[in-house]
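Breakdown of the fold
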Amino acid sequence: MKLQLTKTTEVELNRLNNLYGDEKSPEYDYWNKMSELETLITDAGIYVDGAYEENIFNDLNEWCRIVGPMEYQQTYLNTHPNAVREKIDKMLRENIITIVE
């Protein structure tokens, strides 16, 4: 299985990347101005791109256990798997991502 952005999320993620990631934008590099929903969208993009761990899994909880310490920059395992899982659950509820086979 893997995480996949919804079509609406893909469009919004591109907008956010242009707004905050384009050097020509007046909002360039002001990522801290993002709303909670915008932060969830950018985090979803990071998960889907496999920045912390390859975006393929058989067990989502195990994937979260691996991602947690990397995302929260901890050096030991089992630090923040629940925080990652809670974020993914929220992304699913908000229709930001889906889980596909």
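Preceding this section is the structure that the text describes.
Below or above, wherever it landed, is the structure these notes cover. None of these values were measured; they are calculated from a predicted model. (Residues numbered from 1 in each chain as written. Predicted model: local features only at pLDDT ≥ 70, side-chain atom pairs only at ≥ 80, totals over all residues. Heavy atoms only, no water.)

1. As for the overall build of the protein chain
Helix and strand counts for the protein chain come out as four helices and two strands. Relative to a compact globule of 101 residues, whose C-alpha radius of gyration would be 13 Å, the protein chain shows 14 Å and is just as compact. Taken along the three principal axes of its C-alpha coordinates, the protein chain extends 40 × 30 × 20 Å. Within the protein chain, buried positions represent 33% of all 101 residues. (Helix = DSSP H or I, 4+ residues; strand = E, 2+ residues; numbered from the N terminus. Rg over C-alpha atoms; globule rule 2.2 N^0.38 Å. Buried < 20%, exposed > 50% of the residue type's maximum accessible area, 1.4 Å probe, protein only.)

2. Some remarks on the packing of helix α1 (residues 7-21) against helix α2 (residues 36-48)
With their axes 10 Å apart at the nearest point, α1 and α2 run at an angle of 100° to one another. By the angle class used here, α1 and α2 are roughly perpendicular. Residues Thr9, Glu12, Leu13, Arg15, Leu16 and Tyr20 of α1 lie in contact with α2, whose contacting residues are Glu38, Ile41, Thr42 and Gly45. Among the residues making up the contact of α1 with α2, the classes are represented as four nonpolar, three polar and three charged. (Axes fitted to C-alpha atoms, helices over the stretch in contact; angles between N-to-C directions. Parallel < 35°, antiparallel > 145°, perpendicular 65-115°, else oblique. Contact = heavy atoms within 4.5 Å. Nonpolar A, V, L, I, M, F, W, Y, C, P; charged D, E, K, R; others polar.)

3. Considerations on the pattern of salt bridges
In the structure shown here, the tally under the stated rule is eight salt bridges. A salt bridge links glutamate 36 to lysine 90, with the shortest nitrogen-to-oxygen separation between them at 2.4 Å. With glutamate 36 in helix α2 and lysine 90 in helix α4 (residues 81-93), this pair connects stretches of sequence that are 54 residues apart. For glutamate 36, a relative accessible area of 54% puts it in the exposed group. In this structure, glutamate 62 engages arginine 65 in a salt bridge whose closest nitrogen and oxygen atoms are separated by 2.7 Å. Taken together, the residues glutamate 62 and arginine 65, both in helix α3 (residues 60-71) and three residues apart, mark about one turn of the helix. Sharing partners across several salt bridges, the network here consists of Glu12, Arg15 and Glu38. (Salt bridge = Lys/Arg side-chain N within 4 Å of Asp/Glu carboxyl O.)

4. Let's talk about the packing of aromatic side chains
Taken as a whole, this structure holds four aromatic pairs when the rule is applied. Both rings, one in tyrosine 47 and one in tryptophan 63, keep their centres 5.5 Å apart while their planes meet at 90°; by these two values the pair is edge-to-face. Within this pair, whereas tyrosine 47 is found in helix α2, its partner tryptophan 63 is found in helix α3, the two being separated by 16 residues in sequence. Like tryptophan 63, tyrosine 47 is buried. Taking 5.9 Å as the distance between ring centres and 45° as the angle between the ring planes, the aromatic pair formed by phenylalanine 57 and tryptophan 63 counts as tilted. With respect to class, phenylalanine 57 is no different from tryptophan 63; both count as buried. Linked through ring pairs, Tyr47, Tyr52, Phe57 and Trp63 together constitute an aromatic cluster. (Phe/Tyr/Trp six-rings, centres within 6.5 Å; stacked < 30°, edge-to-face > 60°.)

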